[in-house]
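Structural overview
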Amino acid sequence: MTDPAYFERMYARSDDPWGFDDHFYERRKRELTVAALPRARFVSALELGSSTGALTEQLLARVDRIHCVELHPRGVEIARRRLVADSDRVRFEVADLITWTPGETYDLVVASEVLYYLDAEPLARALGWIRDQHLAGATVVAVDWRHPVDEHRWSGDEIHRRLTEVLSTASGGYRDTDVTIEIFEPAGVESVAVRDGLAPSATDGPSGE
Ligand SMILES: C[S@@+](CC[C@H](N)C(=O)[O-])C[C@H]1O[C@@H](n2cnc3c(N)ncnc32)[C@H](O)[C@@H]1O
């Protein structure tokens, strides 16, 4: 795992350690992530490494309830303040993904810029339960920085390669030089346009039949 002292230093330095509120890059990344969600509403979401709640705040526009799991208590404290108006819809948990396991199922799992901090064994364990959530019907959204960072155990692209291995090919996403965003829909789920009645289903016969 990335040395916990790294996160201590980051949260000691600032209430916005990665500049989520200041950088245009970060705002745009969150807008792209939320725009790519393939459903108008989700009932129950899980957000991993939720930090100061900047992404949580935007996800709340599209989800009824969200469970935030974050390693650092300071991140949770800042997020609680940010989201005080929605406190009845957000559950915060200070926990380490090295050992944490979900006790319920969600219809959305969001892992934004967090899986690359995990060593091989905890990463494999997390990918295992993410796969179980996906098989039970969760849409999985992964977002990762693509430039090298000393504290990251894996590149963003390697995380997405592993997700593809356990979840199968992403159904959509966005990628540029800086960031990759991928959406993994559960097997058999039709596209947004098909579900919206704008395009024929793959299971429909030829038109006119
Ligand atoms: C770079 S921030 C990403 C924040 C947010 N997900 C986003 O994309 O805007 C990474 C966050 O993951 C948390 N984190 C890192 N390792 C973790 C672990 N093993 N368990 C839980 N949270 C972790 C850090 O404390 C930090 O708040």
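Definitions and cut-offs
Starting from 1, residues in each chain are numbered consecutively following that chain's sequence as written. Since the coordinates come from a predicted model, pLDDT governs what is reported: local features require at least 70, and pairs of side-chain atoms require 80 or more to be given and counted, while whole-chain, interface and lining totals use all residues. Where side-chain values are given, they derive from all heavy atoms of the structure, hydrogens and water being excluded. Note on aromatic pairs: the rings of Phe, Tyr and Trp (six-membered ring only in Trp) are paired at centre separations within 6.5 Å, and the planes decide the class, stacked below 30 degrees, edge-to-face beyond 60, tilted for the rest. Every helix listed is a DSSP run of H or I at least four residues long, and every strand listed is a run of E at least two residues long, numbered separately from the N terminus. With a 1.4 Å probe rolled over the protein chains alone, any residue whose accessible area is under 20% of its type maximum counts as buried; one over 50% counts as exposed, and the rest are partly exposed. In this analysis the charged atom, NZ for Lys or CZ for Arg, is taken to sit over a ring once it is within 6 Å of the ring centre and within 35 degrees of the ring normal. Residue proximity to a molecule or strand is established when one non-hydrogen atom of the residue lies within 4 Å of it. Side-chain atoms alone can form a polar contact between residues adjacent in sequence; in general such a contact is a pair of N or O atoms within 3.5 Å, and within protein one must be able to donate a hydrogen while the other accepts it. In these tables, accessible area is a Shrake-Rupley quantity obtained with a 1.4 Å probe, and a residue counts as shielded only by the protein chains included in the view. When residue character is reported, Ala, Val, Leu, Ile, Met, Phe, Trp, Tyr, Cys and Pro are called nonpolar, Asp, Glu, Lys and Arg charged, and the others, Gly included, polar. The contact rule is simple, with two residues in contact once any of their heavy atoms fall within 4.5 Å.

An unreviewed UniProt entry annotates the protein as Nodulation S family protein of Williamsia herbipolensis.

Structural notes on the packing of aromatic side chains
Scanning the entire structure with this criterion turns up 10 aromatic pairs. Considering the side-chain rings of Tyr-6 and Trp-18, the 6.4 Å spacing of their centres and the 65 degrees angle between planes classify their relative orientation as edge-to-face. Of this pair, Tyr-6 sits in helix H1 (residues 4-13) while Trp-18 sits in the loop between H1 and helix H2 (24-35), and the two are 12 residues apart along the sequence. Trp-18 gets classed as partly exposed once you look at its relative accessible area, which sits at 23%. Their ring planes at 25 degrees and their centres at 5.8 Å tell us that Trp-18 and Phe-20 sit as a pair that is stacked. Taken together through their ring pairs, the aromatic side chains of Tyr-6, Phe-7, Tyr-11, Trp-18, Phe-20, Tyr-116 and Tyr-117 make up a single cluster. Sitting over the face of the ring of Trp-154, Arg-162 holds its NZ or CZ atom 4.3 Å from the ring centroid.

Quick look at the site of the ligand
Near the ligand there are 18 residues, and of these Tyr-11, Gly-49, Glu-70, Asp-96 and Ser-112 occur at the shortest range. A distance of 2.8 Å is found between a nitrogen atom of the ligand and a backbone nitrogen or oxygen belonging to Gly-49. Protein chains bury 98% of the 600 Å² of accessible surface belonging to the ligand in isolation. Among the residues making up the shell around the ligand, the classes are represented as 11 nonpolar, three polar and four charged.

Comments concerning unusual backbone geometry
Of note, the phi angle at Glu-113 is positive, near 55 degrees, even though the residue is not glycine. The residue Glu-113 is located in the loop between strand E4 (108-112) and helix H5 (120-135) in this model. Judged by relative accessible area, which is 17%, Glu-113 ranks as buried. Despite not being glycine, Ser-168 has its phi angle at roughly 80 degrees, a positive value. In this fold, Ser-168 is placed in the loop between helix H6 (156-167) and strand E6 (172-175).

Observations concerning the environment of Gly-173
Tracing the backbone shows Gly-173 in strand E6. The sequence separation of Gly-173 and Val-143 amounts to 30 residues, and the corresponding C-alpha distance is 9.4 Å. Among residues more than four places away in sequence, those in contact with Gly-173 are Ile-181, Glu-182 and Ile-183.

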